[in-house]
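# Fold and contact review
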Amino acid sequence: MAGVGEVKITPPVGTPMAGFSARQGPSRGVHDDLFVKTLVVSRGEASVALVACEVIGVDRPLVEEIRRRAARQTGLPAESILIAATHTHSGPVLQGEYQEFFVRSAVESVVQAWRARRPRKLGSGIALHRGWVGMNRRRLESGFSPVDKEIQVLKVADARGRVEAVLFNYPCHPACLGPDNLLISADWPHFATQRLTERLGKTVKVLYFQGTQGNINTGYSAGLSALGVPIPTRTFTYARELGEIVAGAILSKLPAIPAQPSGAVSSRRDTVALEYYIPS
């Protein structure tokens, strides 16, 4: 059993934007709407929810609050609800009234997906994109590597095999747009989603999950970016090009991914403590 939920979370114009200390001023408009999207998969007593939030990040207290409220309104165990941020640098700061709106919207997305569950087929695969999308910002002089070009893909189809949802996981900061951009946007994942729905149908839901993005951006110096230096490639045109490269790789792989009507459903939750240092 699987279901998808989607709730729009586009903030009002004038909302402070997250992503760059060099950014001057709040949002002045909306380039594309932001969403929270959820896939719930169940079999018997086991259920898992995957929640993709088009914001820069969701801290632990908010994650736990969303899990608590969603679990109370559904049959989902709180520990089986994954809350993931796409990490767009052209989204809102989570604070004040907007933060509460965001939490309510995330919970509603989970509830929608829970109630929308129907018999479905699922399949997974790996797509490889051509050219460059994610590039290592600490290795600009030595070939932009190491990077991971694999796109993890999960296909959700109806009983006849028609695609109803696509989840993809790929590591790259959605920060193609720079601090000079004051329009709300999901950045390059928006254009990947747009191309996928153009080809697969407007009713198909697309959920993007961020990978191990660390030092992986769209090919510019992080130092120059932090200072607000103009970089020619940081445009909506280039973001579209990158998104369409990713979408093209997914579309070429999708027909070859077999979707099965049954399989085990389980989840595991780990907490990882990482070593760190405080620089001088």
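A few points on the structure. (Residues numbered from 1 in each chain as written. Predicted model: local features only at pLDDT ≥ 70, side-chain atom pairs only at ≥ 80, totals over all residues. Heavy atoms only, no water.)

All right, on to the nonpolar core then. The biggest cluster of nonpolar side chains holds 31 residues, and the ones touching the most others in it are Cys53, Val55, Val58, Ile83 and Phe102. Ranked by residue count, the leading element in this core is helix 2 (residues 96-115), at 9 residues. Sequence-distant contacts of Val55, defined by excluding residues within four places in its chain, comprise Ile9, Ala85, Thr86, His87, Thr88, Pro92, Leu94 and Phe102. Listed in part, the 28 residues of the second largest apolar core include Val166, Tyr170, Trp188 and Val246. (Core = buried A, V, L, I, M, F, W, Y, C linked by side-chain atoms within 4.5 Å. Buried < 20%, exposed > 50% of the residue type's maximum accessible area, 1.4 Å probe, protein only. Helix = DSSP H or I, 4+ residues; strand = E, 2+ residues; numbered from the N terminus. Contact = heavy atoms within 4.5 Å.)

Turning next to the sheet that holds strand 13 (residues 205-210). Two orientations exist for strands paired in a sheet by backbone hydrogen bonds: parallel and antiparallel. On the basis of which strands lie adjacent, the open sheet formed by 4 strands has the order 8-10-11-13 and mixed pairing. Edge positions in the sheet fall to strand 8 (121-128) and strand 13, since each has one partner strand and no second. Sheet twist, expressed as the mean angle between neighbouring strand axes with direction ignored, is 20°. Two strands pair when backbone bridges link them, and strand 10 (residues 150-157) and strand 11 (residues 163-170) are joined in this way by 6 bridges, in the antiparallel orientation. Pairing of Leu154 across the sheet is with Leu167, part of strand 11. This element, helix 5 (residues 236-253), spans strand 8, strand 10 and strand 11 of the sheet and lies at about 125° to strand 8. (Pairing = 2+ DSSP bridges. Axes fitted to C-alpha atoms, helices over the stretch in contact; angles between N-to-C directions.)

On to the side chain of Ser47. Among the secondary structure elements, Ser47 is positioned in strand 5 (residues 46-53). Ser47 gets classed as buried once you look at its relative accessible area, which sits at 7%. Side chain to side chain, Ser47 and Ser42 meet in a polar contact 2.8 Å long. Not counting the four nearest positions on each side in its chain, Ser47 is found in contact with Val41, Ser42, Leu76, Pro77, Ser80, Trp114 and Val265. (Polar contact = N/O pair within 3.5 Å; in protein donor to acceptor, adjacent residues only side chain to side chain.)

Across the 5 residues of strand 6 (residues 81-85), 4 count as buried, placing the element largely inside the fold. Where strand 5 and strand 6 come together, 5 bridges link them in parallel fashion. Bridge assignment links Cys53 to a residue of strand 6, and that residue is Ala85. In this fold, strand 5 hands off to helix 1 (residues 60-73), which returns the chain to strand 6; that crossover is right-handed. (Right-handed = clockwise from strand over helix to strand, strands pointing away.)

All right, on to helix 1 then. With 14 residues, helix 1 ought to run about 20 Å at 1.5 Å a step, and its terminal C-alpha atoms sit 20 Å apart, in line with that. The complete set of buried residues in helix 1 reads Leu62, Val63, Ile66, Arg67, Arg69 and Ala70. Where helix 1 is buried, its residues meet strand 6 and helix 2. Two or three places before Leu62, at the opening of helix 1, Asp59 has a side-chain oxygen 3.1 Å from that residue's backbone nitrogen. (Expected span 1.5 Å × (residues − 1).)

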